[in-house]
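Residue-level listing of the chains:
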Amino acid sequence: MAGYPPFSLGEIPNIVHACFGRKPDPRSVQKALDEEPTPLKILGLYPSYYEMEDSGERRAAIVELRLHGWSARTI
């Protein structure tokens, strides 16, 4: 499975806002990241774009990630 690039400090508050309706300050996000250990491996929600055979499945994955606050560049 392909790994995904890490989120930026600007993207994490957007994702939290999309999921929970509250947008934390990037400084709070940085503080939380500094206090918590970094996971050794980030598991992806989907297989790689090129591993998906169905174009509809590809598009649905992209739309869902965007709705969850992922930037186009990160997707």
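I will try to describe carefully the structure that is included in this document. (Residues numbered from 1 in each chain as written. Predicted model: local features only at pLDDT ≥ 70, side-chain atom pairs only at ≥ 80, totals over all residues. Heavy atoms only, no water.)

1. Re helix α3 (residues 55-67)
Look at α3: 18 Å from first C-alpha to last across 13 residues, which is about the 18 Å you get at 1.5 Å a residue. Gly 69 lies just past α3 and shows a positive phi near 100 degrees. (Helix = DSSP H or I, 4+ residues; strand = E, 2+ residues; numbered from the N terminus. Expected span 1.5 Å × (residues − 1).)

2. As for the nonpolar core
Judged by nonpolar contacts, Ile 15, Tyr 46, Met 52, Ala 61, Leu 65 and Trp 70 together constitute the single largest core of six residues. With residues up to four places along the chain from it excluded, the contact list for Ile 15 reads Phe 7, His 68, Gly 69 and Trp 70. (Core = buried A, V, L, I, M, F, W, Y, C linked by side-chain atoms within 4.5 Å. Buried < 20%, exposed > 50% of the residue type's maximum accessible area, 1.4 Å probe, protein only. Contact = heavy atoms within 4.5 Å.)

3. Focus on the pattern of salt bridges
Across all of its chains, the model carries one salt bridge by this definition. Arg 27 is the salt-bridge partner of Asp 25, the closest N and O atoms lying 2.9 Å from each other. A residue is classified by how much of its surface remains accessible, and Asp 25, at 32% relative accessible area, is partly exposed. (Salt bridge = Lys/Arg side-chain N within 4 Å of Asp/Glu carboxyl O.)

4. Remarks on a nonpolar patch on the surface
A contiguous nonpolar patch, built from Tyr 49, Tyr 50, Ile 62 and Ile 75 and spanning about 430 Å² of accessible area, is present on the exposed surface. By the secondary structure assignment, Tyr 49 is in the loop between α2 (26-35) and α3. (Patch = residues over 30% accessible without salt bridge, like charges linked within 9 Å, V, L, I, M, F, W, Y side chains within 5 Å. Areas by Shrake-Rupley, 256 points an atom, 1.4 Å probe, with all protein chains shown as cover.)

5. Considering helix α1 (residues 11-20)
All buried positions along α1 are accounted for by Glu 11, Ile 12, Pro 13 and Ile 15. In this structure, the buried residues of α1 make contact with α2.

6. Considering the packing of aromatic side chains
What the rule picks out here adds up to two aromatic pairs. Here Phe 7 and Trp 70 contribute two aromatic rings whose centre-to-centre distance is 4.8 Å and whose plane-to-plane angle is 85 degrees, an arrangement assigned as edge-to-face. Within this pair, whereas Phe 7 is found in the segment before α1, its partner Trp 70 is found in the segment after α3, the two being separated by 63 residues in sequence. Given the relative accessible area of 33%, Phe 7 is considered partly exposed. When the ring of Tyr 49 is compared with that of Tyr 50, the centres are 5.3 Å apart and the planes differ by 85 degrees; the resulting orientation is edge-to-face. Using a relative accessible area of 40% as the deciding quantity, one classes Tyr 49 as partly exposed. (Phe/Tyr/Trp six-rings, centres within 6.5 Å; stacked < 30°, edge-to-face > 60°.)

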